[in-house]
Amino acid sequence: MSKLSNVWVFSDTYSRLAEVISGGLELGQNVKAIVLTEDESKEAFAYGANEVFLIENSDSNNIVENYSKSIAKVIMNEGKSLILMPGTKRCKSLASLLSIELEAGLVTEVSEINIENNNINCRHMVYGGLANGLETITSEASIAVIASGTFENIQKDESKTGEAQKVDFVENKNSIKCIEKTSKEGSSVDLNKAKSIVAIGRGISKQEDISLAEELCKVMDAELGCSRPIAEGEKWMEHERYIGISSVMAKPEIYVAIGISGQIQHMVGAKDSQTIIAINKDKNAPIFDYADYGIVGDLYTVLPAVTKALKG
Amino acid sequence: MKILVGCKLVPEDQDIVVQNDGTLDTSKAAPKISQFDLNAIQTAVDIKKENANATITALSVGGKKLENVKVRKDMLSRGLDELVVVTNEKYENILPHQTSKILSEVAKEQGFDLIICGDGSGDLYAQQTGIKLGALLDVPTVNGISEIVSIDENKIIAKRALENEVEVLEVPLPAVICVSADINEPSIPGMKAILAAGKKPVNVKEVVVEDSALVDLVEIRAPKKKERAHIIIEGDSEDQIAEFVNNLRKII
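A brief look at the structure comes next. Values in this document were obtained by computation on a predicted structure and should not be read as measured data. (Residues numbered from 1 in each chain as written. Chains lettered and ligands numbered in written order. Predicted model: local features only at pLDDT ≥ 70, side-chain atom pairs only at ≥ 80, totals over all residues. Heavy atoms only, no water.)

What about the sheet that holds strand β9 (residues 141-151) of chain B?
Part 1 of the reasoning: Strand order in the open sheet formed by ten strands is β10(A)-β11(B)-β10(B)-β9(B)-β12(B)-β8(B)-β1(B)-β6(B)-β7(B)-β13(B), with mixed pairing between adjacent strands. The strands lining the two open edges of the sheet, one partner per strand, are β10 (177-183) of chain A together with β13 (202-205) of chain B. Strand-to-strand, the axes of this sheet are offset by a mean angle of 30 degrees, without reference to chain direction.
Part 2 of the reasoning: Note that strand β1 (residues 2-6) of chain B and strand β8 (residues 114-118) of chain B share three bridges and pair parallel. Bridge pairing links B:Val5 to B:Ile116 in β8(B).
Part 3 of the reasoning: Strands β10 of chain A together with β9, β10 (155-161) and β11 (165-172) of chain B of the sheet are contacted by helix α4 (residues 89-101) of chain A, whose axis makes an angle of about 110 degrees with β9(B).
Part 4 of the reasoning: Contacting β1, β6 (55-62), β7 (82-87), β8 and β13 of chain B, helix α3 (residues 96-110) of chain B crosses the sheet at an angle of about 150 degrees to β6(B). (Pairing = 2+ DSSP bridges. Helix = DSSP H or I, 4+ residues; strand = E, 2+ residues; numbered from the N terminus. Axes fitted to C-alpha atoms, helices over the stretch in contact; angles between N-to-C directions. Contact = heavy atoms within 4.5 Å.)

Brief notes about empty space enclosed by the protein
Part 1 of the reasoning: Overall, the coordinates contain four cavities of 30 Å³ or more when judged by the stated rule.
Part 2 of the reasoning: Each pocket or cavity is described by its volume, and for the largest cavity that value is around 340 Å³.
Part 3 of the reasoning: For the largest cavity, the lining is made up of 25 residues, of which B:Lys8, B:Asp37, B:Thr99, B:Ser121 and B:Thr129 are closest to its centre.
Part 4 of the reasoning: At the level of secondary structure, the elements contributing two or more residues to the lining of the largest cavity comprise β6, α3, β8 and α4 (129-137) of chain B.
Part 5 of the reasoning: Partitioning the lining of the largest cavity into residue classes produces twelve nonpolar, ten polar and three charged.
Part 6 of the reasoning: Reported here for the second largest cavity is a volume of approximately 80 Å³.
Part 7 of the reasoning: Residue lining of the second largest cavity: 13 residues in total, with A:Leu106, A:Glu135, B:Pro96, B:Ala126 and B:Gln128 positioned closest to the centre.
Part 8 of the reasoning: Listing elements by their share of the lining of the second largest cavity, those giving two or more residues are β5 (105-116) of chain A together with α3 of chain B.
Part 9 of the reasoning: It is β5(A) that contributes the most residues to the lining of the second largest cavity, three residues altogether.
Part 10 of the reasoning: A per-class count over the lining of the second largest cavity returns seven nonpolar, four polar and two charged. (1 Å grid on protein atoms, 1.4 Å probe; cavity = no way out; pocket = protein on both sides within 12 Å on 5 of 7 lines; lining within 4 Å. Points joined across faces, edges and corners; volume = space filled by probe spheres on them. Nonpolar A, V, L, I, M, F, W, Y, C, P; charged D, E, K, R; others polar.)

Digging into the side chain of B:Gln110
All names here are of chain B.
Part 1 of the reasoning: Within the secondary structure layout, Gln-110 lies in helix α3.
Part 2 of the reasoning: Note on Gln-110: relative accessible area 17%, which makes it buried.
Part 3 of the reasoning: Within the local environment of Gln-110, its side chain forms a polar contact with the side chain of Lys-2, the two groups lying 3.3 Å apart.
Part 4 of the reasoning: Each residue touching Gln-110, except ones within four places of it in the same chain, is listed here: Lys-2, Leu-4, Thr-57, Glu-82, Val-84, Asn-203 and Lys-205. (Buried < 20%, exposed > 50% of the residue type's maximum accessible area, 1.4 Å probe, protein only. Polar contact = N/O pair within 3.5 Å; in protein donor to acceptor, adjacent residues only side chain to side chain.)

Structural data, given as structure tokens:
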């Protein structure tokens, strides 16, 4: 893979600066970071940015997108190239605004990126995770908004310091004012972090029977998940537990599918599990194509017996 | 108040078939309104409830599927006053930088106070079209809107749910806002609305934009399946369950 001479990076969120700088260092010889505060400038140098540009503005009512014209001006003055940003809501909208200002090709949700003859090839998820699209950016300026985990976080080296180049804020007639900011309460359920998941599907015939799966969860110290019919059709479980297309994409160590037929629309959210275990009465169910261990049998017989055996 | 809504048709994802070579067969997947765009339409309908003088025009760009009378009626039955469609065979797999250009041409011609789009589409989910549209029209533009707090002739006050915080924003009009899926629960059209939809105007427009070579979509393909052990026991007798449990003990 060839390297670009320069890669630009920007992150609206401190915690994701490491990952875009890491990506920049992998794809380019020189990493130029654009930041909005002195603190962030220090961080950028410590993570290995070669040059830092600080846009000075003291108006705290500004939203990040109001900096689009300022950022575009820096890039235009210094030279167009690839711009990397993390996949946050703000960066996605900023990226689209910049793509018009800079006449740049843009790809979002990028999970893999490589450079060939100065063209930027980006893979990204489409159809809610069912497939990947491959897009090639051919314009002089290009923007890739990357999915988390695409690049390894690099370690900070506090001995690396530098002086940021200060640039003026460019007034934006399309400014949006932020009049209040509150932190958000997250949902208590996060299947993305679960080491083990027990998931149920249509094979469970009554809502009360979910307790059978909950028992197994206790024994295995697993989180409970489900397929679409259980969350969307029956509404027996909350949306945060629904695994599959346009919802949870889980990568647990162990995934136990109970009474789940294994349609692709569900499996896109489970197929990256390290080990898949299936309990299903239909031996032709597609779930067995994905399974490492499976049993063809009635879940109402198998499930309580398995829970009991593992408990002992 | 003139409201425009961006509306895309996408194939029903539950009916997309992944073929052996990883390519997708969408021929059996009926076209439907992209989920986020239903939220966008509902947002416009809710604004109209409070503002009797508001009108809602949906704009849709696409290929052959958009010629389908049934899906046009489906769009119109959801509270629109009018539908403007731009169809062309070339627009079958159109990318955001082109869609936004076409939409901006139509929006300029129609005039608007507010344009509402979904945050992204159910197929490519690039999450670019609405924002690019706003940038092309040179008006205030923002994504992730999760609640409309108030709206008058000059501005919208709206909440925007980000990863870890919620912003309350003052957006001067005219503007483009992109809404998230949790802004509302789109209502299902009743019989009366479905019947009335047939009488509502559909305006077909020709808009040709030059092919701009910023980005090429090279392919869409499902990733390869991981190799699995496939140790499957056929039957649920006591012995068979015991054997299954023994297999599980190796990993649990």
